[in-house]
Amino acid sequence: MKGNSSSAKQLTDQDHYEAPSEPSIKKVPPKRKKRRKSQAFQEALTGYFFLAPALILLGVFLLYPMGAAFYYSFTDFYILKPDDISFIGFENFSYIWQDAQFRQAFWNTVYFSVIVVPVQLAVALGLALLINKKLKFRVFFRTAFFSPVVMSLVVVSILWTFMYNPNEGLINQLLGVIGISPQPFLTSPDQAMNSIIVMSVWQGAGFQMMIFLAGLQNIPNHLYEAADIDGATSWQKFLHVTLPGLKNIALFIFITISIAAFKLLVQPMIMTQGGPLGSTKSLVYHIYETGFNYRDVGYASAMAVVFTMIVLTITIIQRVLIREERG
Amino acid sequence: MKRKKRIQRVVLYVSLIILTFIFLFPLVWMLVSSLKDEFQIFRDMKSLKAFLPPAPNEVEGGYLHNYIAAFQRVDLLKYIMNSLIYTTGIIFFGLIVNSMAGYALARFRFPLAGFWLGVIIATLIIPPESIFLPLYVLVYDLGWVNTYTGLIVPFIANAFAIFLFRQFFLDFPKELEEAAKIDGCSQIGIFFRIIVPLSKPVFATVAIVLFINHWNDFLWPLVVASDESMRTIQIGLQYFMNEPPIKWGQVMAALTIATVPMLLIFAFLQRYYVQGLTHTGSKN
């Protein structure tokens, strides 16, 4: 797997480039024994010289905050009184279950994820299949579907807030053309989250479409030819050649979208401020507000720890499923 | 049979055109509206004109009047500069630090090398959102709030970039380095004079991924760059949405300005970006 294409090319161009690393190490064990201790020490020193900057930065700005979040979650740390921290055990965690806002934010996030993930996956796959054919203007269509990816989430959120405007927005005008009465969209607790979902799928699908396209091109053509000889219909070809060929990529995309969906923050923050009636408040948004607006770092950290656990659980479950699929 | 094929063909193209409309209309509307005045925007919305640029003689103050007004209203230039300093800072230091780490993990045998690789890959699954609060407390204690240092330094080391670099260097032919070593070149010399110049594709990929991620960053600049003079463009955009008087034309102009750098990157360098991401995708 590892870069076979690039190293294969080099082999044909310049045949003195043998396959690197492993074989050459195995060939020369006696030499390795002869290596003086100082030489091994020298290599270790150089290795650490190259690795140290990254390790230190990751340690200070990723692992330390991680540990700090865990520590704060057992305290009553309040930003305005940083010198007055006391240890309060599991009090923050037990409060989580009584916090109606947390529960609402949790279910909002679950709702968003459970819909966005399969829909976006299906849309991306559908788009990829549609344009993975001999078409006129293929590049144009591909660019069109990809174009929302070029805009940042902030830009898209602001743009769609104006488009969703119930009185003067573009969407209601367009719906009017096909005879649908004006909708409240972001101003209604029933429609706000769904409106955000539609926009999110619209923005994200083109990107996964590109990855699917790369995957489709990796399916060897002779498989389709063999299926043709066996007289397979195009549906059967899709089911038995295309889908199995895309399985790994689909699983990869599935994991990425699920985790990204669970981190929902920018859209509600810009479009609805979590409203109306908290119907678009997401988990990360609730943590942000508790920490930065109400300065209750202790409680926010406890929720962040729970959030991390949830994301880790999703990741691990999906990894295990993938491993079983493969085994 | 032939007729059925032709119908299929028509259905295919009609659905492609409908989909193209769905994916493009917000963008087209944004661009076109940024050229119009308020009256035109609302008048045109009721017809197909919503997606057509105004006639040149129709706009008072010229096509760019909204852009000029947007730049006059807030210091957009400053926001763009801040975004550029923020992203190029992360890219510059990030390329050095992460490529060195990737090289160390691909090439050298040293105690705990496998352990550190495991730790770095494990950090990939920590959601950054969950550490922002303690990270902010740390940056505050360091006195870095509202400084470029506070924006940049925490994001220089990047596990994903280290991983990409390592994969690339694993495939890099060892013979060149050995030849250089025989010629008396030091390890650091070998890396910066031989490896780096020959690894342009992976450097380009990492640089683009970092640019796109951080140009679009929202949460961290929002909390760390709270001062007006430190705002990045993504934060500055909200001003047009929230501070009255809200002018739709100016909003669309500001959104377009924020999108231009991304558009340039994708127009010219998209290949590297998709390559980098599909590369890891197929490997997982």
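For every chain, the first residue of the written sequence is number 1, and numbering continues from 1 along that sequence. Labels are handed out in written order, letters beginning with A for the chains and numbers beginning with 1 for the ligands. For this predicted model, a pLDDT threshold of at least 70 governs which residues receive local features, and a threshold of 80 or more governs which side-chain atom pairs are given and counted, while totals over whole chains, interfaces and linings are taken from all residues.

The name an unreviewed UniProt entry gives chain B is Fructooligosaccharide transport system permease protein, with Halobacillus dabanensis as the organism. Checking UniProt for chain B, the heading Sequence similarities (unreviewed entry) contains the comment "Belongs to the binding-protein-dependent transport system permease family." UniProt positions are given in the numbering used here, feature names are shortened, and annotations may be inferred rather than shown by experiment.

With an unreviewed UniProt entry as reference, chain A is termed Carbohydrate ABC transporter membrane protein 1, CUT1 family (TC 3.A.1.1.-), source organism Halobacillus dabanensis. According to the UniProt record, the Sequence similarities (unreviewed entry) comment for chain A is "Belongs to the binding-protein-dependent transport system permease family." The UniProt entry for chain A carries the following comment under Subcellular location (unreviewed entry): "Cell membrane".

**Observations regarding the overall build of chain B**
Regarding its fold elements, chain B presents 14 helices and zero strands. Secondary structure counts use DSSP, requiring at least four H or I residues in a row for a helix and at least two E residues in a row for a strand, with both numbered from the N terminus. Order of helices (α) and strands (β) in chain B, N terminus to C terminus: α-α-α-α-α-α-α-α-α-α-α-α-α-α. To get the radius of gyration, use the C-alpha atoms; to get the globule rule, take the number of residues to the power 0.38 and multiply by 2.2 Å. Its C-alpha atoms give chain B a radius of gyration of 24 Å, clearly above 19 Å, the size a compact globule of 284 residues would have. For chain B, the spread of C-alpha atoms along the principal axes amounts to about 75 × 70 × 35 Å. Contacts here follow a simple rule: the backbone-placed C-beta atoms of the two residues must lie within 7 Å. Taking all contacts inside chain B whose residues are at least 6 apart in sequence as the whole, residues at least 24 apart take part in 76%.

**Re the overall build of chain A**
Secondary structure assignment for chain A yields 15 helices and zero strands. Every C-beta atom is placed from the backbone, and the number of other C-beta atoms within 10 Å of a residue's own sets its class: buried at 20 or more, exposed at 12 or fewer, partly exposed in between. Each of the 327 residues in chain A was classed as buried or not, and the buried ones make up 36%. Taking the contacts inside chain A whose residues are at least 6 apart along the sequence as the reference set, 67% of them involve residues at least 24 apart.

**Notes on the UniProt feature "transmembrane region" (unreviewed entry) in chain B**
The UniProt entry lists residues 12-32, 84-106, 113-139, 151-169, 190-212 and 248-269 of chain B under the feature "transmembrane region" (unreviewed entry), expressed in the numbering used here. Along residues 113-139 of chain B, the helical share is 70% and the strand share 0%, with 29 Å between the first and last C-alpha atoms.

**Thoughts on the UniProt feature "transmembrane region" (unreviewed entry) in chain A**
Residues and elements named next belong to chain A. Under the present numbering, the feature "transmembrane region" (unreviewed entry) in UniProt falls on residues 40-64, 110-131, 143-163, 196-216, 249-270 and 299-322. As annotated, residues 40-64 comprises 100% helix and 0% strand, and the C-alpha atoms at either end are separated by 31 Å. Helix makes up 100% of residues 196-216 and strand 0%, whereas the separation of the span's terminal C-alpha atoms amounts to 30 Å.

**Observations regarding helix 10 (residues 187-195) of chain B**
Residues B:Gln187, B:Ile190 and B:Phe191 constitute the buried set of helix 10 of chain B. Take helix 10 of chain B and look down its axis: the buried residues cluster within an arc of 95°, on one side only. Each element contacted by the buried residues of helix 10 of chain B is listed here: helix 4 (37-72) of chain A together with helix 4 (76-107) and helix 9 (175-182) of chain B. Each C-beta atom gives one direction from the helix axis, and the arc is the one those directions make.

**Side note on the UniProt feature "domain: ABC transmembrane type-1" (unreviewed entry) in chain A**
According to UniProt, the "domain: ABC transmembrane type-1" (unreviewed entry) feature falls on residues 106-318 of chain A. Split by type, residues 106-318 of chain A is 74% helix and 0% strand. Its first and last C-alpha atoms lie 20 Å apart.

**Quick look at the domain arrangement of chain B**
All names here are of chain B. Domain boundaries in chain B define domain 1 (2-62) and domain 2 (72-283). Each domain's limits were defined by an automated method or a database of domain assignments. Domain 1 and domain 2 are separated by 36 Å when their C-alpha centres are compared. Counting residues at the interface gives eight residues for domain 1 and seven residues for domain 2. Only helix 1 (2-33) and helix 2 (38-44) provide two or more residues apiece to the side of domain 1 that touches domain 2.

**Observations concerning the environment of A:Tyr71**
Inspection of the secondary structure assignment puts A:Tyr71 in helix 4. C-alpha separation for the pair A:Tyr71 and A:Leu265, spaced 194 residues apart in sequence, amounts to 24 Å.

**Comments concerning the nonpolar core**
Definition of nonpolar core: a set of buried Ala, Val, Leu, Ile, Met, Phe, Trp, Tyr and Cys residues joined via C-beta atoms within 7 Å. Counting 155 residues, the largest nonpolar core has A:Met209, B:Ala254 and B:Leu255 as the members making the most contacts within it. Contacts of B:Ala254, omitting those with residues within four sequence positions, involve B:Ala70, B:Leu76, B:Leu237 and B:Phe240.

**Concerning the UniProt feature "domain: ABC transmembrane type-1" (unreviewed entry) in chain B**
Residues annotated in UniProt with the feature "domain: ABC transmembrane type-1" (unreviewed entry) correspond here to residues 80-269 of chain B. The annotated region residues 80-269 of chain B carries 72% helix and 0% strand content, and the separation between its end C-alpha atoms amounts to 21 Å.

**Description of helix 8 (residues 159-170) of chain B**
Think of an α-helix as turning once every 3.6 residues; residues three or four places apart then point the same way. How far a helix is expected to stretch is found by multiplying one less than its residue total by 1.5 Å. The end-to-end C-alpha distance of helix 8 of chain B is 16 Å, a good match for the 16 Å that twelve residues give at a rise of 1.5 Å each. Three or more residues of helix 8 of chain B are buried, namely B:Ala159, B:Ala161, B:Ile162, B:Phe163, B:Leu164, B:Phe165, B:Arg166, B:Phe168 and B:Phe169.

**Here we look at unusual backbone geometry**
For residues that are not glycine, phi is negative in most cases, and the peptide bond is trans in most cases. That bond from A:Gly275 to A:Pro276 is cis: its omega, -15°, falls within 30 degrees of zero. Here A:Pro276 lies in the loop between helix 13 (266-271) and helix 14 (283-293). Of the consecutive residues B:Pro244 and B:Pro245, the connecting peptide bond is found in the cis state with omega at 0°. The phi dihedral of A:Phe185 is positive, around 50°, even though this residue is not glycine. Looking at where A:Phe185 falls in the secondary structure, it is placed in the loop between helix 9 (170-177) and helix 10 (192-218). Positive phi, close to 60°, is recorded for B:Asn146, a residue that is not glycine. Locating B:Asn146 in the fold gives a position in the loop between helix 6 (132-141) and helix 7 (148-152). You can call B:Asn146 partly exposed: it has 17 C-beta atoms within 10 Å.

**Let's talk about the environment of A:Arg295**
Residue and element names in this part refer to chain A. Along the chain, Arg 295 falls in the loop between helix 14 and helix 15 (297-326). For Arg 295, a count of 14 C-beta atoms within 10 Å puts it in the partly exposed group. Sequence spacing of Arg 295 and Ala 54 is 241 residues, and the spatial spacing of their C-alpha atoms is 31 Å. Those residues in contact with Arg 295 that lie beyond four places of it in its chain are Tyr 78, Ile 79 and Leu 80.

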